[in-house]
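# Descriptive analysis of the structure
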Amino acid sequence: MIKIVLIVDNVLFRSALAAAIGGAEDLQIVSATGGTDVPSDGWGGCPDVAIVDLDTSGDQPFAVVREVAQRLSGCRILVLTNGSAPNALGRALHAQVRGFVSKDSDIARLCEAVRTVAAGGTVAEARVALAALSLPKNPLTVREVEVLQLVAQGLPVSDIAEQLYLTGGTVRNYLSTILRKVGARNRLEAVRNAQDARWL
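All values reported here derive from a predicted model rather than from experimental measurement.

Glancing now at helix H4 (residues 107–118). Because an α-helix completes one turn every 3.6 residues, residues spaced three or four positions apart along the sequence face the same direction. In this model H4 runs 16 Å from its N-terminal to its C-terminal C-alpha over 12 residues, within 8% of the 16 Å that 1.5 Å per residue would give. Looking only at H4, the buried set comprises Leu 110, Cys 111, Ala 113, Val 114 and Val 117. Within H4, the buried residues cover an arc of 155 degrees as seen down the axis, which keeps them to one side. One or two positions beyond H4, positive phi appears at Gly 120, with a value near 100 degrees.

Right under this line is the structure:
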């Protein structure tokens, strides 16, 4: 019996998946929860496979994958996605993710993907894989990356300027350019966007 933990934010979608997957004789849903909830049993104790909806886990979809990988050592992760978050897909490729399945797939395809991943194999549907590989190139210069790395450490402009031998005004100019390039409204969002895109 393959034990599965289902991590999907949308309650209706989660319930439908749990019912459909639970109909297979060799598959058992041991826990079904939203991505922001951490049950006391640690997402089902020691499941074999975690199915994670990568598109509905808040502002940082990859954070759920990372959390599962850390909490469920040895559990293989299968991602459900419509390919709308290529940055998160790209980061997931380098995590403990063993499979990517499109939400357009039927339940038989999903169940087969679960079996493949549980057996140690990998699954990557063409459309989803292409979305993950179509990440934009890093628009940041080496110096901009250095500035943003220090921002990520929580340093104020004055400390960043001191470490990089720049003036405070120059650092602020860099930050303005960085925000524009990564499409962020503030420094925290800039760090998050750059990390999701694996530019940082």
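After that view of the structure, there is still more to cover.
This paragraph deals with helix H9 (residues 187–196). In terms of residue burial, H9 counts as a mostly covered element, since seven of its 10 residues are buried. Those residues of H9 that fall on the buried side of the exposure criterion are Glu 189, Ala 190, Val 191, Arg 192, Asn 193, Ala 194 and Asp 196. Two or three places before Leu 188, at the start of H9, stands the capping residue Asn 186, its side-chain oxygen 3.2 Å from that residue's backbone nitrogen. Within two residues after H9, Arg 198 carries a phi angle of roughly 60 degrees, on the positive side.

Looking now at the packing of helix H1 (residues 11–21) against H4. The interhelical angle for the contact between H1 and H4, taken along N-to-C directions, is 70 degrees, at an axis separation of 10 Å. Classed by the angle they form, the pair H1 and H4 counts as roughly perpendicular. Note on element contacts: H4 touches H1 through Ile 107, Leu 110 and Cys 111, opposite Leu 17, Ala 20 and Ile 21. Considered class by class, the residues forming the contact of H1 with H4 number six nonpolar, no polar and no charged.

Cut-off values and rules
- Residues numbered from 1 in each chain as written.
- Predicted model: local features only at pLDDT ≥ 70, side-chain atom pairs only at ≥ 80, totals over all residues.
- Heavy atoms only, no water.
- Helix = DSSP H or I, 4+ residues; strand = E, 2+ residues; numbered from the N terminus.
- Expected span 1.5 Å × (residues − 1).
- Buried < 20%, exposed > 50% of the residue type's maximum accessible area, 1.4 Å probe, protein only.
- Arc of directions from axis to C-beta.
- Polar contact = N/O pair within 3.5 Å; in protein donor to acceptor, adjacent residues only side chain to side chain.
- Axes fitted to C-alpha atoms, helices over the stretch in contact; angles between N-to-C directions.
- Parallel < 35°, antiparallel > 145°, perpendicular 65-115°, else oblique.
- Contact = heavy atoms within 4.5 Å.
- Nonpolar A, V, L, I, M, F, W, Y, C, P; charged D, E, K, R; others polar.

From the geometry alone we can't say anything about function, so treat these as descriptive.
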